[in-house]
Each structure stands twice: as C-alpha cells, then as structure tokens.
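Single-letter residue listing:
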Amino acid sequence: MSHLFKNVRVLTLDADFTEYAAIDVQVRDGIIAAIGAALPPEAGVNVIDGTGKLLMPGLVNGHFHSPGTFNKGAFASMPLEIFMLYEVPPFDCPPVSSRVDYVRTLLGAVEMLKGGVTTVHDDPFYVPTVGMSRIDAVMSAYRAAGIRATVSINMPNVAESEKYPFLRELLPEPVRSRMEEAGRLPGDELTALYRAYIERWHGVDGGRLRASVSCSAPQRVTPDYLGALSALSAEFDVPYNMHILETRLQRVLGDVRFDKSLIRYVHDEGVLNERSVIIHAIWVDADDLDLMAASGCSVAHNPICNLRLGSGIMPFRAIAERGITICLGSDELCSDDSVNMWSVMKQAALVHNIGDPDYRRWPSAGEILRCGTANGARAMRLDSLTGSIEVGKQADLVLVDLDSLAFTPLNDLRRQLVFCETGTDVCLVMVGGRIVVEDGRILTVDETDLKREVRELMVEYARQFREVDRWVTELEPVYRQMYERAVRHELAVNRWIG
Ligand SMILES: [Zn+2]
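Residue numbers here run from 1 along each chain, matching the order of that chain's written sequence. Local features in this predicted model are restricted to residues whose pLDDT is 70 or higher, and side-chain atom pairs enter the listing and the counts only when it is 80 or higher, whereas totals over whole chains, interfaces and linings include all residues. Working from all heavy atoms in the structure, the side-chain values ignore hydrogens and water.

Caption draft 1: Molecular detail of the overall build of the chain. Segments assigned H or I by DSSP are reported as helices when at least four residues long, segments assigned E as strands when at least two residues long, and all are numbered from the N terminus. The helix and strand tally for the chain stands at 17 helices and 18 strands. With C-alpha atoms as the basis for the radius of gyration, the globule rule is written as 2.2 Å multiplied by the number of residues raised to the power 0.38. Computed over its C-alpha atoms, the radius of gyration of the chain comes to 22 Å, within 12% of the 23 Å expected for a compact globule of 498 residues. Counting only C-alpha atoms, the chain reaches 75 × 50 × 40 Å along its principal axes. Put simply, the chain has 498 residues, and 60% of those count as buried. Residues count as neighbours in contact if any of their non-hydrogen atoms are within 4.5 Å of one another. Taking contacts inside the chain between residues at least 6 apart in sequence as the whole, the part at least 24 apart equals 78%. A simple rule labels every residue: compare its accessible area, found with a 1.4 Å probe on the protein chains alone, to the largest value its type can have, and call it buried under 20%, exposed over 50%, or partly exposed in between.

Caption draft 2: The arrangement of the pairing of strand β15 (residues 397-401) in detail. By the criterion of burial, β15 is predominantly enclosed, with four of the five residues buried. Pairing of strand β5 (residues 53-57) with β15, which is carried by five bridges, proceeds in the antiparallel orientation. Bridge pairing in β15 places Lys-53 opposite Asp-401. Only strands joined by at least two bridges in the DSSP assignment are considered to pair. Here β15 runs beside strand β16 (residues 426-431); their pairing, made up of four bridges, is antiparallel. Pairing of Leu-397 across the sheet is with Met-430, part of β16.

Caption draft 3: Representation of helix α3 (residues 132-145). Compared with the 20 Å implied by 1.5 Å per residue over 14 residues, the 20 Å span of α3 between its first and last C-alpha is a close match. When α3 is considered as a whole, its buried residues turn out to be Arg-134, Ile-135, Asp-136, Ala-137, Val-138, Met-139, Ala-141, Tyr-142 and Ala-145. Looking one or two residues beyond α3, the residue adopting positive phi is Gly-146, at roughly 90°. A helix's residues, less one, multiplied by 1.5 Å, set its expected span.

And the structure:
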C-alpha cells in the first residue's frame, strides 16, 4: 500500500539535520519515494493528514535482551555479577517453554513499537541451552509484531567459574564442581547452529529480520568460538555483539586473568573490527579507545541499565570525539525496567553532564537524537536502509503529535523531543511502509490477548524462578566476596562517582 503524509513537519536526522516546517512525504512499496511540496495523491493512496504533527525516523533500540522481559521490576538494584545469577543461573536448570520465548519476545516488541521504536538489536540468551525451536519462537514473535529486528544467539560456552576473577578459589568444592559439570555446547556445534540459523532467518520478510552474532562477552566463550563468530560475521557482513568492560570487576578480570584489557584481548584475538558492537564500554582507558577508534567498531550505550546496576558512567565524549559511532540501548527489561527509548535518550543527554566540568562538551539534544536513530542503524550495518528520512530508505517512521503538553509551547523541537517527550505522543508508527501502530493502538497483535497470556504463563515461570532464587541465596555471599575483592584491587581508571 502507498501512503502520503500531507503537510507534515519533518525532522529527517540525515547527515545535514535537514528539517521541513511543512511538506509531503510519499511512501511506496515500503520505501520513502518522495519528499516535496504538494505531492499529488496517486490512485488508491492512503492520505495521512500531518497537520500539527512531526514525522521523524523510527527510534532504534541498539541493545536489548528479550529474555528479560518477564522480569521487569523484579529485582532490587545490584551489581551485574550478582544480578546475572538470576539471569543466567550457573547450574543446569529446566528451560522455559518455547511459548514463553515467543510471548515474552512479543511483549517486548509491542512495548517498543507503541513507543516509536521501529528497529531493535536483540541479543537473546538461552537458559540452560539453545536449540532451533527456541530460536524460531523468538524470530516468529518478531515476524508477528512487525518490528525490524536484528537478532543474535547469546550462548556462552565456558564454565561459570572461568568467567570471573577469584571465583574458582572462593567457591566451595561441591559448588565449583557442579558449575563445571553444567552442560555447555562446544564451539563447533554452536557455530553449526549459527550457520543453520542464518540460512533460516537472515533476510526473511523482505530483509526486515536479520541475524547478527554474539559472544556475549569475550571471557564467556572459548577462543576458538570467539574467532569462529568473527568469521561468520565477516562472511555474512553482520554485526558482532560483545559486552566489554561493563563493570569494574571486568577490568580487574583483564588484569588478573589476561594481563591486558579485554579490549586489547579482542584486538589481539583479531576480532575487533568495523562489525564489532562493543556493548557498554564503561571501564575503557585511553589505550582501549585508540584501539576501538582504529578498528571502526561501534559502541552500544545503555545509560539507564548502567545506573540500575551501578556499573559506572561511560566516557561519552572521549568515545564520540574519537569518531566512534555511539548508539543507544535500553538493555533488558530487568535492568532498565521499561523499553522506552525516550527515557534512554533523556538519561543519555543528562548523565554525562556530571562527568565533565566543561559544559561545551556535554551531549546536545541533536547528537542524542542521532545516537537514538541513525547511529543505531549504522551499528547494525543498516544505515543505507533505515535510521533517517531520505528518499530511497525504508519507511520506518514515527508520527508525533505536537498538539500535546510536551510540545506546548514549542520552543526547540530537538530538545523537547529529548527532554519533554515520553512516548505518549507517538500516534502512528510505520515499519517498512506498514502501519503497525495507529492512534496509540498496536495493529499487528491483539494486546488484550497477549497480556492475558503473559499473566497465565507467569504461573509456571514464577515456579521455575523460585528455584533460581534458592540458588542465588546460596551463592550470593561468595559472589559478594568476589565483588568486594575486585573493589579492593587498584585500578588506574575510575568510572564511578562519589
Ligand atoms: Zn546486554
């Protein structure tokens, strides 16, 4: 179907930040076909009156984990290393059903679409293990929701006790053995699964669904698998997700295990390049930043998650001024607790102000809008397709009502988008030329049925979760010792305040 936005204000977020006070935008075959004054409506076109509204590119969630979606608000704030005990228990445990995989992915996708997110980069992890039926469930949910999704498989393959500094020696022997005996897939088996996944899902639905690869984090996989993923990333030209230096403890791990920073480790392993998406990049130093800049990698910045887990403040300006692409992510729904990219943009625009007394270096609203759109597309290697309003690009568009409290009075569009808008004024969302949200309602999914099913599934899910809770109670004192020992380990870099 063709659409014609008439008389609409447009913020293109193209390279020149082009804006139009009132213009027409034509969408044909899923593509932005024309931008111009008084475009004539073609036969059968759906005319959308844009008077008093803003058309802007759909937001891009550059980092997300769909499996966290049932755990929004479930946890107190705690450091990543303890938080992850709930997320990816280090012992064998029963898997959730494929229906849970499907429904929680769909729930996250609906929340994103209603808030104007048209593209997501999901890094789902699978507990205790992964198989094609679980992957199919996640991808089918994205297909049903109508969002543009790039999706990896996050499946570590080393024992829990190897992922952290000091943990082996701190764990009581029976617990350590139990962790070491927990099932893990060898790298070649995981690589074969990836290949089958890419053949099955990469490019499906006119390219709306795509694959990426993920090592989770370099210390969580064997070196051969780390390298095999990089080879797949090159072969299919897809992004390579790696969580690096999210926490202080991970910097300590580099010191005591690798005798180098984890950024230098991936560089030395030959897997740091323009396809790498470095997630978090908080505890990086100047040497790391030089390596990252030379590689052409991107950074996924998750400012709310970084505060929720007390991870630290990412050196935004030091990264940006080296020309490294910074995109924004919500991370998962138990470490942000919503999947609202407006909140993420606002937090990103604010938190760095306390990290640098030179206020001329603080992020501008325009810069943050670029991080939340075009940069996300670039990190996903989709910048020729989406992330800005330009003729020839996919029609991934959001219509925002400017006759709302957030924009009354309208003083500065970019600042009000970042600092005033919460997502409630998103009135229409289009992905690849298909309207998926209209008048605040999701059109692709029956939201009432979805919420009812979530509540039903939570009965089984909560029962499984109580078992995890029991393990965490047992393990938390040991992990706290590890954490405190890492805090005492001296470092030359500091990303905490106070
Ligand atoms: Zn993450």
